[in-house]
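Chain and residue survey
Listed below are the residues making up each chain.
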Amino acid sequence: MTANHKIKILAVVGSTASGKTALSIALAQKLGGEIISCDSMQIYRRMDVGTAKPTVEEMDGVVHHLLDFIEPDEPFSCAEYVTLAKEKAEEIHARGRFPILCGGTGLYLDSFLRGGGFEETETDPALRESLFAFAAEQGNHALHERLRAVDPESADAIHENNVKRVVRALEIFETTGVTKTEADRRSRTLESPYDACVIGLRYESRELLYQRIDKRVDLMLEAGLLEETDRLMKEGVFERNSTAAQAIGYKELLGYLRGEQSLDGAVEDLKRATRRYAKRQITWFGAKDYVQWINADEDGKMRSFEEILGDALTVASTLGGI
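Residues numbered from 1 in each chain as written. Predicted model: local features only at pLDDT ≥ 70, side-chain atom pairs only at ≥ 80, totals over all residues. Heavy atoms only, no water.

Before going further, it helps to spend a moment on the overall build of the protein. A count of helices and strands for the protein gives 16 helices and 8 strands. For the protein, whose C-alpha radius of gyration is 21 Å, the value lies close to the compact-globule estimate of 20 Å for 322 residues. Taken across its 322 residues, the protein has 46% of its residues classed as buried. In the protein, the share of contacts with a sequence separation of at least 24, taken over all contacts with a separation of at least 6, comes to 73%. By element, 49% of the accessible surface of the protein is carried by carbon and sulfur atoms, the whole surface being about 16,000 Å². (Helix = DSSP H or I, 4+ residues; strand = E, 2+ residues; numbered from the N terminus. Rg over C-alpha atoms; globule rule 2.2 N^0.38 Å. Buried < 20%, exposed > 50% of the residue type's maximum accessible area, 1.4 Å probe, protein only. Contact = heavy atoms within 4.5 Å. Areas by Shrake-Rupley, 256 points an atom, 1.4 Å probe, with all protein chains shown as cover.)

Encoded structure:
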């Protein structure tokens, strides 16, 4: 497919609390777009406040896709996301609208932009189970040595106690005959099936971003985060879905709900965990050469939303014909 025939895609990325949701909605209004969520937690029903899903009011009439569509105890993979996001992008494009991805799950965006790849291949449940059993019987180190024997670079990059990733690397090799290292290399050199423009929101002042994060946590608590966490806990969601159980915004409050910690302590843990998550997102997206950055602040103060939107529209115009 030539570049002229590729679907034009805009994506808005950044850390949590950076303002990317509001920016993506404003861009959709200006450009005749529809938004495809790129968030691995906002896919779950009833996990609303804790995942910072945009409300109907915040959506302001803009159509959103891949929000709130599976039960919290259903498994969902990156491969499934890529398939669904591709379908939505094609549908939006066919209607003469403009697909805009928005979210902070970097792996989802990476995989979508390259059209999938080895990391998103179908799994072999029987092989996976046997590898986990081997680790349980022989120890994590023994399993890690099996990986080192076939893919030393992946072994160097993955800690032996991260059994899930060790198993996945071995599974890729066993099912495809290609090491994870080589699969990653190939996926990086694949031409994207999209004509994409990725806008990133960043902060010169980390302190200003952290203030926004703390304020967001306070607003989430006012909006019923504690009650939502309690309800999900009583439903058994966190017991059945380890991914949901590790979601920032819920796991930090469980100690309080179980009577193991004060509310003030739990809230401070939540703010600290969210700041750390933001740092990981900044590191991830900062390493991607496809991101075109816009500063949300200047001299320690937020820039006006109109200025930020104007810069984003200028960057988006590089796609042409939108």
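Taking 1.5 Å per residue, 12 residues should reach 16 Å; helix α1 (residues 20-31) reaches 16 Å between its end C-alpha atoms and fits that length. Considered for burial, the residues of α1 that qualify are Lys20, Leu23, Ser24, Ile25, Ala26, Leu27 and Ala28. Where α1 ends, the next residue or the one after it, Gly32, has phi of about 70 degrees, a positive value. (Expected span 1.5 Å × (residues − 1).)

Let us now look at the pattern of salt bridges. With the rule as written, the count across this model stands at 23 salt bridges. Here Asp48 and Lys53 are joined by a salt bridge, their closest N and O atoms 2.7 Å apart. We classify Asp48 as partly exposed; its relative accessible area is 32%. With relative accessibility at 10%, the residue Lys53 sits in the buried group. (Salt bridge = Lys/Arg side-chain N within 4 Å of Asp/Glu carboxyl O.)

So, on to the packing of helix α5 (residues 125-138) against helix α6 (residues 140-150). Where α5 contacts α6, the two axes come as close as 6 Å, and the packing angle between them is 130 degrees. Taken together, the axes of α5 and α6 lie oblique to each other. Within the contact between the two elements, α5 uses Leu131, Phe134, Ala135 and Gln138 and α6 uses Asn140, Ala142, Leu143 and Arg146. In terms of residue class, the contact of α5 with α6 is built from 5 nonpolar, 2 polar and 1 charged. (Axes fitted to C-alpha atoms, helices over the stretch in contact; angles between N-to-C directions. Parallel < 35°, antiparallel > 145°, perpendicular 65-115°, else oblique. Nonpolar A, V, L, I, M, F, W, Y, C, P; charged D, E, K, R; others polar.)

Looking now at the layout of surface pockets. Taken as a whole, the second largest pocket holds about 150 Å³ of empty space. Mapped onto the lining of the second largest pocket, the elements with two or more residues apiece are β5 (194-202), α10 (206-222) and α15 (263-286). Looking at the lining of the second largest pocket element by element, the count peaks at 4 residues for α15. Of the residues contributing to the lining of the second largest pocket, the split by class is 6 nonpolar, 4 polar and 2 charged. (1 Å grid on protein atoms, 1.4 Å probe; cavity = no way out; pocket = protein on both sides within 12 Å on 5 of 7 lines; lining within 4 Å. Points joined across faces, edges and corners; volume = space filled by probe spheres on them.)

Spatially, β3-β2-β4-β1-β5-β6 is the arrangement adopted by the 6 strands of the open sheet, whose pairing is parallel. Each end of this open sheet is capped by a strand with a single partner; those strands are β3 (64-65) and β6 (291-295). Pairing between strand β1 (residues 7-14) and β5: 8 bridges, direction parallel. Along β5, the bridge assignment pairs Gly14 with Leu201. Across the sheet, helix α4 (residues 106-113) lies against β1, β4 (98-102) and β5, angled at about 160 degrees from β5, the strand it touches most. (Pairing = 2+ DSSP bridges.)

The subject of this paragraph is the nonpolar core. In globular proteins that are soluble, nonpolar side chains generally tend to be buried together. Of all hydrophobic cores here, the largest spans 45 residues; its most connected members are Ile36, Met47, Tyr81, Leu101, Leu109, Phe112 and Phe238. Per-element accounting of this core gives the leading share, 6 residues, to helix α3 (residues 78-94). If you look at the next biggest cluster of nonpolar residues, it comprises 30 residues, including Leu10, Val62, Ile199 and Tyr203. (Core = buried A, V, L, I, M, F, W, Y, C linked by side-chain atoms within 4.5 Å.)

We now examine the packing of aromatic side chains. Counted under the stated rule, the structure contains 4 aromatic pairs. A centroid spacing of 4.4 Å and a plane angle of 15 degrees characterise the contact between Phe112 and Tyr194, whose relative ring orientation is stacked. Placement of Phe112 in helix α4 and of Tyr194 in strand β5 is noted, with a sequence separation of 82 residues between them. Since its relative accessible area comes to 8%, Tyr194 is described here as buried. Cation over ring: Arg146 sits above Phe134, and NZ or CZ is 4.7 Å from the ring centre. (Phe/Tyr/Trp six-rings, centres within 6.5 Å; stacked < 30°, edge-to-face > 60°. Lys NZ or Arg CZ within 6 Å of the ring centre and 35° of its normal.)

Moving on, we get to helix α16 (residues 305-316). For α16, which comprises 12 residues, the first-to-last C-alpha distance of 16 Å matches the rise-based estimate of 16 Å (1.5 Å per residue) to within 8%. Among the structural elements, β1, α1, β5, β6 and β8 (301-302) are those in contact with the buried residues of α16.

Secondary-structure assignment places Lys20 in helix α1. No salt bridge forms around the buried Lys20; measuring N to O, its nearest opposite-charge neighbour Asp39 is 6.5 Å away. Looking at Lys20, its side chain comes within polar contact range of the main-chain oxygen of Gly14, at 3.3 Å. Other than its neighbours up to four places away in sequence, Lys20 contacts Val12, Val13, Gly14, Ser15, Cys102, Gly103, Gly104 and Leu201. (Lys, Arg positive; Asp, Glu negative; His and termini not counted. Polar contact = N/O pair within 3.5 Å; in protein donor to acceptor, adjacent residues only side chain to side chain.)

Residue position: Ala26 is located in helix α1. Among the residues examined, Ala26 registers a relative accessible area of 9% and is labelled buried. Sequence separation of Ala26 and Ala52 is 26 residues, and the distance between their C-alpha atoms is 18 Å. Setting aside its immediate chain neighbours within four residues, Ala26 contacts Phe305 and Leu309.

Geometry only, nothing functional implied.
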